[in-house]
Amino acid sequence: MAIERTLILIKPDGVQRALVGEIVNRFERTGMKIVGMKLMQMTPELASQHYKDHVGKGFYDGLVKFMTSSPLVALAIEGPKAVDNCRKLMGKTFCTDAVAGTIRGDFGISRGLNLVHGSDSPESAQRELGLFFQANELLEYSRAVDAWTQNDEDRG
Ligand code: DAT
Ligand code: MG
């Protein structure tokens, strides 16, 4: 299965609500690997690059105001089909639509305050990871547990 990397952001509401550990755990416990992680504050410039596809939409100014209002945590997550797998764990865009068991369904009750961002394709993941991380901030390392989480071809 293709090993991918994806960008996850724990948005300002997640940090303010002290849900960083809980949300990291949702991704980590699947067996996916954290290959980059930092607490940072998003600038309006970074927001406009990150959300370039939403520039000009009605919700854009509110989105940027929210995303730049307080620190966020950027994560680079690696694993088999990491992009879709992370989106599955996050749930639907608006917490009001997200089902129980997903991050947005379990921890959110609003529309826009939806706790997490996750890249929506391997191409956007590559672009977005480049916005948030320098090349030397993304680490390559193996873990003993990888053999138990990623390799299901020779399990007998
Ligand atoms: P997602 O975060 O699920 O990938 P998106 O990329 O379509 O969703 O939108 C980015 C963020 O913008 C989303 O997390 C919340 C906000 N947003 C999107 N559509 C919106 C809308 N119609 N009204 C208010 N906020 C919206
Ligand atoms: Mg999106």
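Observations concerning helix H2 (residues 20-28)
Listed in full, the buried residues belonging to H2 are Ile23, Val24, Arg26 and Phe27. Buried residues in H2, looked at end-on, bunch into an arc of 150 degrees, giving them a common side.

Considerations on the pattern of salt bridges
Summed over the entire model, instances satisfying the criterion amount to 8 salt bridges. In this structure, Lys52 and Asp53 form a salt bridge, with 3.2 Å as the shortest nitrogen-oxygen distance. Judged by its relative accessible area of 45%, Lys52 falls in the partly exposed class. Exposure remark for Asp53: the relative accessible area of 57% places this residue in the exposed category.

Structural notes on the site of ligand 1
What surrounds ligand 1 is the set Lys11, Tyr51, His54, Phe59, Leu63, Arg87, Thr93, Phe94, Arg104, Arg111 and Asn114. Within the side chain of Arg87, one N or O atom sits 2.8 Å away from an oxygen atom of ligand 1. Contact distances for ligand 1 include 2.7 Å between an oxygen atom and a side-chain N or O atom of Asn114. For ligand 1, whose free accessible area comes to 510 Å², the fraction covered by protein is 75%.

Rules used in this analysis
- Residues numbered from 1 in each chain as written.
- Chains lettered and ligands numbered in written order.
- Predicted model: local features only at pLDDT ≥ 70, side-chain atom pairs only at ≥ 80, totals over all residues.
- Heavy atoms only, no water.
- Buried < 20%, exposed > 50% of the residue type's maximum accessible area, 1.4 Å probe, protein only.
- Helix = DSSP H or I, 4+ residues; strand = E, 2+ residues; numbered from the N terminus.
- Arc of directions from axis to C-beta.
- Salt bridge = Lys/Arg side-chain N within 4 Å of Asp/Glu carboxyl O.
- Near = heavy atom within 4 Å.
- Polar contact = N/O pair within 3.5 Å; in protein donor to acceptor, adjacent residues only side chain to side chain.
- Areas by Shrake-Rupley, 256 points an atom, 1.4 Å probe, with all protein chains shown as cover.

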